[in-house]
Amino acid sequence: MLGQRQGIIVWLYSLKQAKMLRKFGNVHYVSKRLKYVVLYCNLEDTERLMEKIQSYSFVKKVEPSFKPFLKMEFENSKPDKAKEYDYRMGI
């Protein structure tokens, strides 16, 4: 089973070597226009992999995804009563 995963965004100079990044984790998305790759790896291996990927000459920049560290439960998620009244009236 999969453990905790974290995304890594790798900005490239050229997409020719994007296929080579598959050995570091699961490639989720490749943007041809903006030349970046989103790959997922284990949370424990993230720092080590980022350093290794950054050492390649075809890599422009490496950024971690902060999604595992964000709180996904929102406090004020109830709709506003005034807006709810307007929706029922059809305004």
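**Focus on the nonpolar core**
A general tendency of soluble globular proteins is for nonpolar side chains to be buried together. Among the nonpolar cores identified, the biggest contains 15 residues, and Ile8, Val10, Leu12, Leu21, Ile53, Val59 and Val62 are the most heavily contacted of them. Counting only elements with at least two residues in this core, the list comes to β1 (5-12), β3 (36-42), α1 (46-54) and β4 (59-64). Apart from residues no more than four positions distant in its own chain, Leu12 is found in contact with Ala18, Leu21, Lys35, Val37, Phe58, Val59 and Lys60.

**Some thoughts on the sheet that holds β3**
Read from one edge to the other, the open sheet built from four strands follows the order β2-β3-β1-β4, with strand pairing classed as antiparallel. In this open sheet, the two edge strands, each paired with only one partner strand, are β2 (26-31) and β4. Within this sheet the neighbouring strands show an average axis-to-axis angle of 20°, counted without direction. Relative to β3, β2 runs antiparallel, the two sharing five bridges. Opposite Asn26, over in β3, you have Tyr40 as the bridge partner. Of the strands in this sheet, β1, β3 and β4 touch α1, which is tilted by about 170° from β4.

About the criteria used
By convention here, each chain's residues receive numbers from 1 onward along its written sequence. Only residues with pLDDT of at least 70 get local features here, since the model is predicted, and only at 80 or more are side-chain atom pairs given and counted; chain-wide, interface and lining totals rely on the full set of residues. Only hydrogens and water are set aside when side-chain values are computed; all heavy atoms of the structure are taken into account. Working definition of a nonpolar core: buried Ala, Val, Leu, Ile, Met, Phe, Trp, Tyr and Cys residues. They are joined through side-chain atoms within 4.5 Å. Buried residues are those whose accessible area, probed at 1.4 Å on protein chains only, stays under 20% of the maximum for their type, while exposed residues exceed 50% and partly exposed ones sit between those limits. Helix and strand assignments follow DSSP, with helices taken as H or I runs no shorter than four residues and strands as E runs no shorter than two, numbered in order from the N terminus. Contacts between residues were defined by any pair of non-hydrogen atoms, one from each residue, lying within 4.5 Å. In this description, strands pair whenever DSSP reports at least two bridges between them. For helices, the axis comes from a line fit to the C-alpha atoms of the stretch in contact; other axes are also lines fit to C-alpha atoms, and the angle between any two N-to-C directions lies between 0 and 180 degrees.

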